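Spelled out, the chains give:
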Protein chains: 2
Amino acid sequence: MVSRPASLNTRERLIQAGIRLFGEQGFEATTTRGLAEAAGANIGSIAYHFANKRGLYLAAARYIAEQLRTRLALDETAAQAPVADRDAALAALRALARRMVRTFAEDEECRQWLLLVMREQVRPGEAFEILQAEAFGLVQATLGGLIARLTDRAIDDRRVILETHTLVGQIVFFLIGREPLLRRLEIEAFDETILAEIEAVIDAHLRLYAAPNADPTPTRPT
Amino acid sequence: MVSRPASLNTRERLIQAGIRLFGEQGFEATTTRGLAEAAGANIGSIAYHFANKRGLYLAAARYIAEQLRTRLALDETAAQAPVADRDAALAALRALARRMVRTFAEDEECRQWLLLVMREQVRPGEAFEILQAEAFGLVQATLGGLIARLTDRAIDDRRVILETHTLVGQIVFFLIGREPLLRRLEIEAFDETILAEIEAVIDAHLRLYAAPNADPTPTRPT
DNA sequence: GTCTATAGTCGGATAGAC
DNA sequence: GTCTATCCGACTATAGAC
């Protein structure tokens, strides 16, 4: 039994309200009254749980980062990758790519985060630093480590960084550009069939790293 | 010499203000007074040029779509592609991909459009229909036609649609996910060197379509 | 404590002068 | 084409009646 279920619920509800309202209206335009009302909480609860409006905003960013880490199982993948051999690296890469596809294409909650995250992309503030340090950076490092291993390049090689970015873009766009894709496919939502096809397409692109010799511009052995 | 330079300027400035304010605050929260002030115009000019606030919003969406079509030279590419042979299709695909990279990575104005476009992605309204019909759909159709040609598939093949989406995601993410990438690269902005490297990475992925037999799951000849 | 009347504010739209 | 003044509807806040 939890010690303060009502309190934790209020905190959770405030964060959810924050993600929604900060994303839709921006930080300044969002009022503490609006946040409290949307959360079904008392105005004073913001000060109690987060000190002030800014604290709630940063907590919302931390929540998003934490959820991403959990859903993508980033910590486990990062921990196992460095010591893995080549086949294990490829398997880890495919598994992580698959988790990303499932998370971004299937999970409805992710869509709630989009506007807040995009605001921080367009005008990065302190919340961006949190997202970068606690989520984006881990995705870059984990995927980058695996791709570096597979292409026999250094982990800081710019080619590795750009390939990592490209891979993330492929997958994330199933979240960001979902509506135009659904229109083109003439469907209302992703079903299991299409999700499997998406995975197959991503997997085909991962094959670019499977055969390092196929790369026409290999890194020179320093 | 233009016949009504002053008028065009007011109209233009209102659209620019609309893209910014509607994106930042959303349609409802944005006031006509705020729009007029941001544009350095008077309130009545909104009614004169766009009938009402909603008209300005839709005009902003149309402006974005038109700018995209122009920058990507979509109309020309779409017109030439269907009759092209295989090599010409590949060349057209590479050229269009290159234009997209340059537009999204280099052009600062594109960043202004992001929030408005993302709002329409998250909650599609009439403006989304405009963007889809006058820009996104053309990108899908043009790229899809070229990829279909290169992979010997039908233009409505779901694999073609998904590959097209994946390609767009790769490139667009250099606009959307620019900040995390700049952090990782430890640079402040894209320079010519990195742009060339980005193009090379995208080009390597295009090579997946260059050899149709390399595709492990070919379409069955219906 | 609840309800309601009224005053005040805000924002979109309109009309008409220049 | 641009600008000012104004109207009207929606919402908010307050206050007084009960």
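As the structure is a computational prediction, the values presented were derived from the model and not from experiment. (Residues numbered from 1 in each chain as written. Chains lettered and ligands numbered in written order. Predicted model: local features only at pLDDT ≥ 70, side-chain atom pairs only at ≥ 80, totals over all residues. Heavy atoms only, no water.)

Q: Account for the UniProt feature "DNA-binding region" (unreviewed entry) in chain A, with residues named and values stated.
A: Here, UniProt's "DNA-binding region" (unreviewed entry) annotation points to residues 31–50 of chain A. Between the end C-alpha atoms of residues 31–50 of chain A there is a gap of 15 Å, over a span that is 75% helix and 0% strand. (UniProt positions renumbered as here; feature names shortened; annotations may be inferred. Helix = DSSP H or I, 4+ residues; strand = E, 2+ residues; numbered from the N terminus.)

Q: Describe the interface of chain B and chain A, with residues and values.
A: In this complex, chain B contributes 54 residues to the contact, which on the side of chain A involves 54 residues. Taken together, chain B and chain A are joined by eight salt bridges. As a salt-bridge pair, Arg183 of chain A and Glu129 of chain B come within 2.7 Å of each other at their nearest N and O atoms. The interface formed by chain B and chain A contains 17 residue pairs in polar contact (both at pLDDT 80 or more). Among the elements of the structure, helix H1 (5–25), helix H7 (108–122), helix H8 (126–151), helix H9 (158–176), helix H10 (178–185) and helix H11 (192–210) of chain B are those that each provide at least two residues to the side of chain B that touches chain A. If you tally residues by element for the side of chain B that touches chain A, the top one is H9 of chain B, at 14 residues. Partitioning the side of chain B that touches chain A into residue classes produces 27 nonpolar, twelve polar and 15 charged. (Contact = heavy atoms within 4.5 Å. Salt bridge = Lys/Arg side-chain N within 4 Å of Asp/Glu carboxyl O. Polar contact = N/O pair within 3.5 Å; in protein donor to acceptor, adjacent residues only side chain to side chain. Nonpolar A, V, L, I, M, F, W, Y, C, P; charged D, E, K, R; others polar.)

Q: I'd like to hear about the packing of aromatic side chains, residue by residue, with values.
A: Residue and element names in this part refer to chain A. Within this structure, the stated rule accounts for eight aromatic pairs over all chains. Taken together, the ring pairs connect Phe22, Phe27 and Tyr57 into an aromatic cluster. Sitting above the plane of the Phe27 ring, Arg54 keeps its charged end 5.9 Å from the centroid. (Phe/Tyr/Trp six-rings, centres within 6.5 Å; stacked < 30°, edge-to-face > 60°. Lys NZ or Arg CZ within 6 Å of the ring centre and 35° of its normal.)

Q: Tell me about the relation of the copies chain B and chain A, and name the residues and values.
A: Here chain B sits on chain A after a turn of 180° about the axis and a move of 0.0 Å along it, with an RMSD of 0.1 Å. Both chain copies can therefore be described as sitting about a two-fold axis. In this assembly the copies share their binding face: 100% of the residues contributing to the interface of chain B also contribute to that of chain A. (Least-squares fit on C-alpha atoms with pLDDT ≥ 70 in both.)

Q: Please set out the pattern of salt bridges residue by residue, giving values where relevant.
A: Applying the stated rule across the entire model yields 28 salt bridges over all chains. With its nearest N and O atoms 2.0 Å apart, the salt bridge here joins Asp107 of chain B to Arg71 of chain B. Remark: Arg71 of chain B occurs in helix H4 (residues 53–72) and Asp107 of chain B occurs in the loop between helix H6 (86–106) and H7; sequence separation between them is 36 residues. Judged by relative accessible area, which is 21%, Arg71 of chain B ranks as partly exposed. Taken together, the shared-partner salt bridges connect Arg98, Arg102, Glu106, Glu192 and Glu199 of chain A into one network. (Buried < 20%, exposed > 50% of the residue type's maximum accessible area, 1.4 Å probe, protein only.)

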